[in-house]
Amino acid sequence: MLLKDIPRLILGFLLVVMFMGFQTLVFVDAVALNPMSYYSYLEDPAYFSRLKGAVDTGMGDIARYTNIPEEALLTGYTDSELSDFSKSAVRQFLEYLRGKTDTLTISFDDKILKSNVENAVRSYAGGAGISYNATLSAQVEDITKIAVDAVNSYSMIIDPNLLMQTGIPQKLAEILSYLRMTEVGLAVGALLFVLCLWLTNRKHPMRVLWWSGAALFVSSLTLILPAAVLRITNLASKFGTKETYIKWIAQTICNSFFDKWMMIQFVFLVVGVLMMIYYVFWRKRKKQRVKAHFNQNEKNLI
């Protein structure tokens, strides 16, 4: 290795770091915080069957706790209503985290639930010879709220009200507002390092393709390998010991993210390889032209 290659190696290393940061933020912005990414499980029939099972179980627990007939709660929602709400809730929740909406007003429609609970309470009161009064009406409101909160929580995994009370969405929105600015900053930084590489290769400017491609190849490979190991070892299946609705969602999302992470990094890796291949062929053609020119000059001398 020549002494003049040391600055190029340093710049190449810094370019690798820049690429790794940029590629990571691209994934976070385009995949992790994109509501469409979660449709890989929202559209899965297995997801809805687990969601329905979890909600039904939750309603059963509420029924036992409040002495409301379980059937009154279970008939408070249809399969299509529950499915549509879960998709809408996840999308709105992520849009709120991304700062696209200022408020988060996600709540399952309680009309049927409230009507069923009220009918059950009125039936109980009538059988006990009690008039339906303000106290019973307040109990209907409380039970309905518990049931709706359960649907909301199961649909979104994380209780949005709890997050709003702790101020986490506001903090995340503030952080995410700088996400694309950081992406642009990393892209500009990478271009500056490429420019520096060009300055160190002014006599051979096309070498910048090789150095840039090599840096992109190394950064992509560095990011792919750990994810590939985690995917092959099925790390997501290690979450918890009990097969639950939450575990299934966590496992499905993790596996989907690992696959999309590797796919994105593979695209960058291919771009890096193509840049290096183009430089190799360009250099080969240049040598052939030089050799042909040299041979032509020899013939002219003869």
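Summary of the structure given here. (Residues numbered from 1 in each chain as written. Predicted model: local features only at pLDDT ≥ 70, side-chain atom pairs only at ≥ 80, totals over all residues. Heavy atoms only, no water.)

Quick word on the overall build of the chain
Tallying secondary structure elements over the chain gives 12 helices and 0 strands in all. Written out in order from the N terminus, the α and β elements of the chain read α-α-α-α-α-α-α-α-α-α-α-α. For the chain, the proportion of its 302 residues judged to be buried stands at 39%. At a minimum sequence separation of 6, the contacts of the chain that also span at least 24 residues come to 77%. (Helix = DSSP H or I, 4+ residues; strand = E, 2+ residues; numbered from the N terminus. Buried < 20%, exposed > 50% of the residue type's maximum accessible area, 1.4 Å probe, protein only. Contact = heavy atoms within 4.5 Å.)

Structural notes on the packing of helix 6 (residues 111-127) against helix 7 (residues 134-156)
The contact between helix 6 and helix 7 brings their axes to 9 Å, and the two run at 140°. When the axes of helix 6 and helix 7 are compared, the pair comes out oblique. The two elements helix 6 and helix 7 cross, and the hand of that crossing is right-handed. Two secondary-structure elements touch here, helix 6 through Leu113, Lys114, Val117, Glu118, Val121 and Ala125 and helix 7 through Leu136, Val140, Glu141, Ile143, Thr144, Ala147 and Val148. Residue classes in the contact of helix 6 with helix 7 are distributed as 9 nonpolar, 1 polar and 3 charged. (Axes fitted to C-alpha atoms, helices over the stretch in contact; angles between N-to-C directions. Parallel < 35°, antiparallel > 145°, perpendicular 65-115°, else oblique. Left-handed = near helix turned anticlockwise from the far one by under 90°. Nonpolar A, V, L, I, M, F, W, Y, C, P; charged D, E, K, R; others polar.)

Side note on the side chain of Ser220
Assignment of secondary structure puts Ser220 in helix 11 (residues 207-232). At a separation of 3.3 Å, a polar atom in the side chain of Ser220 contacts the main-chain amide nitrogen of Leu269. With residues up to four places along the chain from it excluded, the contact list for Ser220 reads Gln23, Gln265, Phe268 and Leu269. (Polar contact = N/O pair within 3.5 Å; in protein donor to acceptor, adjacent residues only side chain to side chain.)

Side note on the packing of helix 3 (residues 45-66) against helix 7
Viewed as axis vectors pointing N to C, helix 3 and helix 7 meet at an angle of 155°, and their least axial separation amounts to 10 Å. Viewed along their axes, helix 3 and helix 7 adopt a mutual orientation that is roughly antiparallel. Both helix 3 and helix 7 take part in a crossing whose hand is right-handed. Contacts from Tyr47, Leu51, Ala54, Val55, Gly58, Met59, Ile62 and Thr66 of helix 3 reach helix 7 at Ile143, Ile146, Ala147, Ala150, Val151, Tyr154 and Ser155. Taken together, the residues that form the contact of helix 3 with helix 7 break down as 12 nonpolar, 3 polar and no charged.

Concerning the nonpolar core
One finds Tyr38, Tyr41, Tyr47, Met59, Ile68 and Leu73 to be the most contacted residues of the largest nonpolar core, which totals 65 residues. Once residues within four sequence positions are removed from consideration, Tyr38 is found in contact with Ala32, Val90, Leu94, Ile253 and Phe257. Within the second largest apolar cluster, 5 residues are counted, among which are Leu33, Leu176, Leu179 and Leu186. (Core = buried A, V, L, I, M, F, W, Y, C linked by side-chain atoms within 4.5 Å.)

Comments concerning the pattern of salt bridges
Per the stated rule, a full pass over the model turns up 7 salt bridges. Between Arg64 and Asp61 there is a salt bridge, and its shortest N-O distance comes to 2.3 Å. One end of the pair is Arg64 and the other is Asp61, both in helix 3 and 3 residues apart, which spans about a single turn. For Arg64, a relative accessible area of 57% corresponds to the exposed category. Measuring nitrogen to oxygen at the nearest pair gives 3.0 Å for the salt bridge that ties Glu118 to Arg122. Taken together, the positions of Glu118 and Arg122, both in helix 6 and 4 residues apart, correspond to about one turn of that helix. We classify Arg122 as partly exposed; its relative accessible area is 40%. One salt-bridge network, in which partners are shared between bridges, spans Lys52, Asp56 and Asp79. (Salt bridge = Lys/Arg side-chain N within 4 Å of Asp/Glu carboxyl O.)

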